[in-house]
Structures are given as structure tokens and as C-alpha cells.
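Chain by chain, the residues run as shown.
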Amino acid sequence: MKRHLTDTAVKNAKPKNGSTQTKFTDGGGLYLLVNKSGKYWRYNYRFNDKHKTLALGVYPNVSLKEVRKKHEAARDKVSEGLDPSIQKKIRKISRKQSNDNSFEVIGREWFEEFKDTWADSHSKRLIARLENDVFPWLGSRPIDQIEPPEVLAVMRRIQDRGALESAHRVRHICGQVFRYAIATGRAKRDQTADLKGALPPYRKKHFAAIKKPDELRDLVVAMEGFRGTFVVKCAIKLSLLVMLRPGELRHGQWSEIDFKEATWTIPASRMKARKATKEENLTTHVVPLSDQALKILEELHPLTSRFPYIFTGARNRNRPMSENAVNAALRSLGFSNEQMTAHGFRATASTFLNEMGFNPDAIEAQLAHKDKNEIRAAYNRAQYLDERREMLQTWANYIDEMRLEEK
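Reading guide: rules and limits
Residues numbered from 1 in each chain as written. Predicted model: local features only at pLDDT ≥ 70, side-chain atom pairs only at ≥ 80, totals over all residues. Heavy atoms only, no water. Salt bridge = Lys/Arg side-chain N within 4 Å of Asp/Glu carboxyl O. Helix = DSSP H or I, 4+ residues; strand = E, 2+ residues; numbered from the N terminus. Buried < 20%, exposed > 50% of the residue type's maximum accessible area, 1.4 Å probe, protein only. Pairing = 2+ DSSP bridges. Axes fitted to C-alpha atoms, helices over the stretch in contact; angles between N-to-C directions. Contact = heavy atoms within 4.5 Å. 1 Å grid on protein atoms, 1.4 Å probe; cavity = no way out; pocket = protein on both sides within 12 Å on 5 of 7 lines; lining within 4 Å. Points joined across faces, edges and corners; volume = space filled by probe spheres on them. Nonpolar A, V, L, I, M, F, W, Y, C, P; charged D, E, K, R; others polar.

A few words now on the pattern of salt bridges. By the definition in use, this model includes 18 salt bridges. The partner of Asp26 in a salt bridge is Arg3, with the nearest N and O atoms 3.1 Å apart. Of this pair, Asp26 sits in strand β1 (residues 21-27) while Arg3 sits in the segment before α1 (7-12); the two residues are 23 residues apart in sequence, bridging distant segments of the chain. Taking relative accessible area as the criterion, Arg3 reaches 23% and is therefore assigned partly exposed.

Spatial strand order, β1-β2-β3-β4: 4 strands in an open sheet with antiparallel pairing. Strands at the two margins of the open sheet, each flanked by one partner only, are β1 and β4 (50-59). Averaged over all adjacent pairs, the angle separating strand axes in this sheet is 30°, with direction ignored. Against the sheet, helix α2 (residues 64-79) makes contact with β1, β2 (30-35), β3 (38-47) and β4, and its axis sits at roughly 15° relative to β3, the strand it touches most.

All right, on to the pairing of β1 then. Of the pairings in the sheet, the one linking β1 to β2 comprises 6 bridges and is antiparallel in character. Its bridge partner being in β2, Gly27 is matched across the sheet by Leu30.

Moving on, we get to the sheet that holds strand β5 (residues 257-258). The antiparallel open sheet is built from 3 strands, whose spatial order is β5-β6-β7. For this open sheet the edge positions go to β5 and β7 (285-288), each flanked by a neighbour on one side alone. The pairing of β5 with strand β6 (residues 263-266) spans 2 bridges and is classified as antiparallel. The partner of Ile257 across the bridge, within β6, is Trp264. The sheet strands contacting helix α16 (residues 385-405) are β6 and β7, and the helix crosses β7 at an angle near 40°.

This part covers empty space enclosed by the protein. Once rolled over the atoms, a probe with the size of a water molecule shows which space is left empty. By the definition in use, this model includes 1 cavity of 30 Å³ or more. Estimated volume of the largest cavity: approximately 80 Å³. Lining of the largest cavity is provided by Ser239, Leu244, Pro246, Leu249, Arg250, Met321, Ser322, Glu323, Val326, Ala342 and Phe345. Top element by residues in the lining of the largest cavity is helix α10 (residues 246-250). It accounts for 3 residues. Here the residues of the lining of the largest cavity are counted per class, giving 7 nonpolar, 2 polar and 2 charged.

Below you can see the structure in the form of C-alpha cells.
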């Protein structure tokens, strides 16, 4: 078949004699349609005694050399009794279905479905892991075509940067996405199931915490001499008394404090242990406030009560203090990361309260550890409220005694 066009001719092609558009033929039904909007490759052919036209792309995105290859492939289909226009539509539908069933599309759908059942901090970490560690490599793949070695490659990439715990967490997240795809009819099996044991086991490091009376006495005395901001000083003193997670404490709002009832009610949306439930109060956490805890809040109230957060940020009072504020305060007091952490206040209180003989179930309820039976967990927290109030008051008195011993 003789070809008529050249690269130079295509590049310089313009509508002729003032017409709105002009066809420049290349042979075999292939031509370049040129108008004011651009240059378009077209292929005219007959199929089942009907005249049809197939779009083959736009110049210069598709060069003369490239379009001739497409043209030959289309001609071959016609000679085989296949309509290239129909084949193009089938490929387009197939691509759309593949995109709709891609790991990223299903992963984001799963995330949107369940994100309201998690604490905000957990949601942010989870989607960040997917966007940074998974979607760039698996996101465009149809989920029902992904094989275990592909997921393992993602996990190994994370492990190689020294983040073994994150690698295990990503495997767990991917497993949840696969199981969601199975439940919605878009995958047959969880490909992460074959990866158990593929990575070295991760042994979780416990947060450093003071667990000896002499060390606790040193901490209590040091906290009194803290030279930082009053907001942070109140935060570290209260951390020792309420057994809350650092994020739950620093995001605390004045609207959650009931001075009359001496309680701090943390909504389900901010609790790590929150689960999907239509009854939000099932995971609302009520913290009884000791006299000493109330006094700290009363002293801080005039300074930050006009803002939403109890522990306001140093630069922006409408935001909570930095997540590193308490840990930085501990470092400034001379306690290393191996001795004490913000999260360690919980373990410190738990250790001493267990040694004092308090009910372990009441201690667990105060720590708001997740219970597989959410109704039982809510019942236990309510059941132990009076016991927890007595427990936290005894704990605060014990701290005061240590402080007085040093004076």
C-alpha cells in the first residue's frame, strides 16, 4: 500500500482555500483531518456493508509513525471479521471496569465507609500509610489480579527503610481492603493471608514509664519546678492524675469538663477504642476528676477557657498544644526517653494502683482499653465509675504525700 504523507507535510498541514477543514489522505482509508481546533487521525472502512470511521488519535500526541501502526492493526481486525470500533469500545469498558476495581478505588471506598468509626488520629495515619506506601505501587492494579508477591514487595520496601512495625500494619490494612472487596463482590480472596510469617516478627516496645516509688518521687518534685509555660506545666501534672492517652489529653476541650459533677467526658470520636456503633455513648469515656485534678483545671481555666482547647498551642491558641510538648517537658526535667514518656504516665499509674490492691477491672476501665464486647465495655466503665473515682482520688492523695515529703 502506497503512503502519501510525510512528517513535514503533517506538521505544516492547514485547511486549504479558506475551508473550515481539510482531509489529507495517507492511503488505505487513513487520513489526517485538519481544522481550526487541531489535527485528527481518522480511518474510514467498511464493515458489514456499512461505512464507518475510527478515531486513531490527535497529532502531535500520536505521530505519523505511530498512527500507521494503529492503522495496520485496525485493518487486520477488519480482515479477521472484527469491527475495530466495537473492539475499541470493549477495551474502553474493560479499562473503566479495571479502574473501578483498582486497589486504590476500593481502598478509598473502604476508608470512607469506616473512617467515622475511628479516632481522627488513627484515620489520618491509616490514609497516609495507604497514600505513601501502597497506592503508588498497587493503586492502579485491578484488585482481583493482585498476587501475594506484589503485596510482599510493598511490605519489604517499608521494612528496608527500617520501619518493620509499619510494614506489619500495612499488611493488616491491605488485608482489610481485600476483605472489603470480597464482601462487595470484587475479589475472590485476601491475598495477604499467604504472607503470614513473610516478615520478621515485630516486638512492640513498651512506652518507658517510672514504676518505682523513689523515681516517682523525683518526677513529682521535678514537675513542680518546671520552668516552661503554665499550660504545659498543667498538662504534665494532669497527665499523671487522669490516665489518659496523650492525644486524648491534649485534644481535651473545656466543653467536656463538668466542674459541678467533677467529670471529664471524652466523646467517642476521640477515643482510640471507638468502634462502629449507632449508640455513640457506648464508647464515650467518663473520667472522674480528683480534687487535685479539678484544682489544676480551675487554675488553668482563666487563661485558656475563652478558647476551645484546654491545653492551647503556644503559637495558635485555637489549636491544641504540640503532640511533643509533654515529652519535651520531661526531657527538660532530665528524664530521658528510656526513663519516662508522655504515654508512660498511664503505665506508671496502673502499676502503682495494682500494687495498692485496686480492682484490676476498674483500672482497665479507667485506661479505656478496648473490649471485644463493646456493650460489656460500656457497662463496665459505668459500673466502675464510683470505684474509679475513689481510686483516682487515692492516687492523687498519694502523689501529694510524695510532694509533701520533700518539703
